[in-house]
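Reading the structure
This is what each chain is made of:
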Amino acid sequence: SPVPATRVELTVSCRQLLDRDTFSKSDPICVLYTQRPGSHQWREFGRTEVIDNSLNPDFLHKFVLDYCFEERQNLRFDLYDVDSKSPDLSKHDFLGQAFCTLGEIVGSAGSRLEKPLTGIPGKKCGTIILLAEELGNCRDVATLQFCANKLDKKDFFGKSDPFMVFYRSNEDGTFTICHKTEVVRNTLNPIWAAFAIPVRALCNGDRDRAIKVEVYDWDRDGSHDFIGEFTTSYRELSRGQSHFNVYEVVNPRKKMKKKKYLNSGTVTLLSFAVEAEHTFLDYIRGGTQLNFTVAIDFTASNGNPSQPTSLHYLSPFQLNAYSLALRAVGDIIQDYDSDKMFPALGFGAKVPPDGHVSHEFPLNGDASNPACHGIAGVLEAYQRSLRHVQLYGPTNFAPVVNHVARSAATVLDGSQYFVLLIITDGVISDMAQTKEAIVNAAKLPMSIIIVGVGQAEFDAMVELDGDDIRISSRGKVAERDIVQFVPFRDYMTGGPGAGLSMAGLAREVLAEIPDQLLSYMKARGIKPPPHP
């Protein structure tokens, strides 16, 4: 895949969406789909937040894409009216869609593309407005806190319920939303919680660019009342708490009408701090090692290894799915592990000498040191143990998860990060124990990759991959999402072994590791060592 020239942030707005709700306006969400180079399959890239009661939404959530000049990067934007908490899009009303390429947006005047939404025959679905802004490589994150005094009372029965909306100005003088505070209920003197925001989101690296702030009184039906506004800049805010950072909140319409009008209250900056956001490569450069452990499913549901129909069949002509998945992921991850020694475990087989069922047996036969040298060593040990063990069951994941968690629990200082690759045919027997093991492991420096081989339904695996709903056990929710599940069959093109997209599999499987590592370091306040 070509090296991306730069990263681009897409802001999405819509105008005049269809109204699908009977008693209120639609509650829109925008879902972005992308295509892999050379593939026609649409894959969900991400979703904006839901905006309640609006036919003209300006979405706050941005999509950040790698922009490759030499690649046709097809994009599809689908809009839905959200009717429930379900992540399943088929449960919501479709509002229309638009297709374009990233180059089309970037190449439009001001990198702003307006397109009609289509997809519902005989209906005008409104328009979508896409704005692309190249991200400066500014990695600073600012933390700000504000309070307000004597805001206008907007509610008939109580005081106002104020919140603020921040906008950064663009090169062409228009404004793009970049932050919304929470609502503080029933007060004219709110103190909002401190919030962190990337500096580039506030000003895109231009410290003197105007930042506009609007203050509203929240209303349940979405018709929030405008209290007033003020403008500032990053340079002003960075002076911190001082008389410079007390702002009059002005409602221009009131100012025009009333001679004696002064303001609708004031907003004061309480605190300002800025620090650099660290990247995955900062930690790798600083010496963090990735420790890679493999766990392979030796249960009977894989089929008898001596039969060509078995997922474990060792053909003299081609690698089986287990070997291919292992190679694809291992070949990339081994570059980050200096000793190239990888512990390799099996689960769900009867093992010699006495034929007891084990859920964490060493593939190399050495219980005191299950590490194999290089990916080649792991493959060799895997093929050897297939000849010595009897495939059995049940399929228990918890023992191998806990095995790696015990190692991870001994190195909490950020010098090592553990990645467990589980390759399985997906029929899991100890779901409750596995969930508990994952919730406990989420506190540790580790991630889990599950590759599902074969044709089974992988519903349980999708549930463990907490992308839509964070996983929980006995009422405790995992503090980070550490599981990434990928079905191997998505990467088999044509017959077995015919042009298998191994690079695609590896990219997909490893995509979440950098952010998962960062989420651990951040939660523990671990900074990368300075560059030698």
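Predicted, not measured: the structure shown is a model, and the values here were computed from it.

Quick look at helix 9 (residues 431–441) now. Think of an α-helix as turning once every 3.6 residues; residues three or four places apart then point the same way. Of the positions making up helix 9, those classed as buried are M431, T434, K435, A437, I438, V439 and A441. Against helix 8 (398–408), strand 25 (446–452), helix 10 (459–464), strand 26 (472–473), strand 27 (476–477) and strand 28 (483–487) lie the buried residues of helix 9.

So, about the pattern of salt bridges. Taken as a whole, this structure holds 19 salt bridges when the rule is applied. Note that R112 is salt-bridged to E114, the shortest N-O span being 3.2 Å. With a relative accessible area of 46%, E114 lands in the partly exposed category. Here K212 ties to E214 by a salt bridge, and the two come within 3.5 Å at their closest N and O atoms.

Here R15 shows up in strand 1 (residues 6–15). Taking the C-alpha atoms as reference, R15 lies 30 Å from R185; in sequence the two are 170 residues apart. Of the polar contacts made by the side chain of R15, one reaches the backbone oxygen of N56; its length is 3.3 Å.

Let us look at the sheet that holds strand 19 (residues 349–351). Read across the sheet, 3 strands follow the order 20-19-23 without closing on themselves; strand pairing throughout is antiparallel. The open sheet is flanked by strand 20 (356–358) and strand 23 (390–391), the only strands paired with a single partner. Sheet topology places strand 19 next to strand 20; 3 bridges connect them, and they run antiparallel. By the bridge assignment for strand 20, A349 is matched with S358.

The next point concerns the nonpolar core. One finds F292, F298 and I449 to be the most contacted residues of the largest nonpolar core, which totals 49 residues. Looking at which element gives the most residues to this core, the answer is helix 6 (residues 321–333), with 8 residues. Setting aside anything within four residues of it in sequence, one finds F292 in contact with V329, G330, I333, D337, F342, P343, I375, V419 and L421. Residues A398, I428, A441 and A478 belong to the second largest nonpolar core, which totals 33 residues.

Turning our eyes to something else, we now look at the side chain of D161. As for its position among the elements, D161 is in the loop between strand 9 (140–149) and strand 10 (162–169). Residue class for D161 comes out buried when judged on its relative accessible area of 9%. At a separation of 2.6 Å, a polar atom in the side chain of D161 contacts the main-chain amide nitrogen of N186.

The next subject is the side chain of S264. Secondary-structure assignment places S264 in the loop between helix 4 (252–257) and strand 16 (266–276). A distance of 2.8 Å separates a polar atom in the side chain of S264 from a polar atom in the side chain of D152. Within the local environment of S264, its side chain forms a polar contact with the side chain of Y261, the two groups lying 2.6 Å apart. Once residues lying within four places of it in the same chain are set aside, the contact partners of S264 are K150, L151, D152, I227, V249, N251 and K254.

Turning our attention to the domain arrangement of the protein chain. You'll often see interface size given as the accessible area lost when the parts meet. Under the domain assignment used here, the protein chain contains domain 1 (6–135), domain 2 (140–276) and domain 3 (288–524). Averaged C-alpha coordinates put domain 2 and domain 3 at centres separated by 48 Å.

A few words now on the packing of aromatic side chains. This structure, assessed with the given rule, holds 16 aromatic pairs. An angle of 75 degrees between the planes, with centres 5.6 Å apart, marks the rings of F292 and F342 as edge-to-face. With F292 in strand 17 (residues 289–297) and F342 in strand 18 (residues 341–347), this residue pair connects regions lying 50 residues apart in the sequence. In terms of burial, F292 and F342 fall into one category: buried. Taking 6.1 Å as the distance between ring centres and 65 degrees as the angle between the ring planes, the aromatic pair formed by F298 and Y382 counts as edge-to-face. Of this pair, F298 sits in the loop between strand 17 and helix 6 while Y382 sits in helix 7 (residues 374–388); the two residues are 84 residues apart in sequence, bridging distant segments of the chain. Through successive ring pairs, a cluster of aromatic residues spans F298, Y322, F361 and Y382. Over the ring of Y33 we find R76; its NZ or CZ atom is 4.0 Å from the centre of that ring. Cation over ring: R239 sits above F244, and NZ or CZ is 3.9 Å from the ring centre.

So, about the state of the cysteines. Applying the stated criterion across every chain, the model contains 0 disulfides. As a non-bridged cysteine, C147 has C178 as the owner of its nearest cysteine sulfur, 20 Å distant.

Assignment of secondary structure puts M256 in helix 4. Classification of M256 by relative accessible area gives exposed; the value is 76%. For the pair M256 and E436, spaced 180 residues apart in sequence, the C-alpha to C-alpha distance is 62 Å.

Procedures and definitions
Residues numbered from 1 in each chain as written. Predicted model: local features only at pLDDT ≥ 70, side-chain atom pairs only at ≥ 80, totals over all residues. Heavy atoms only, no water. Buried < 20%, exposed > 50% of the residue type's maximum accessible area, 1.4 Å probe, protein only. Helix = DSSP H or I, 4+ residues; strand = E, 2+ residues; numbered from the N terminus. Contact = heavy atoms within 4.5 Å. Salt bridge = Lys/Arg side-chain N within 4 Å of Asp/Glu carboxyl O. Polar contact = N/O pair within 3.5 Å; in protein donor to acceptor, adjacent residues only side chain to side chain. Pairing = 2+ DSSP bridges. Core = buried A, V, L, I, M, F, W, Y, C linked by side-chain atoms within 4.5 Å. Domains from an automatic or database assignment. Phe/Tyr/Trp six-rings, centres within 6.5 Å; stacked < 30°, edge-to-face > 60°. Lys NZ or Arg CZ within 6 Å of the ring centre and 35° of its normal. Disulfide = S-S within 2.5 Å.

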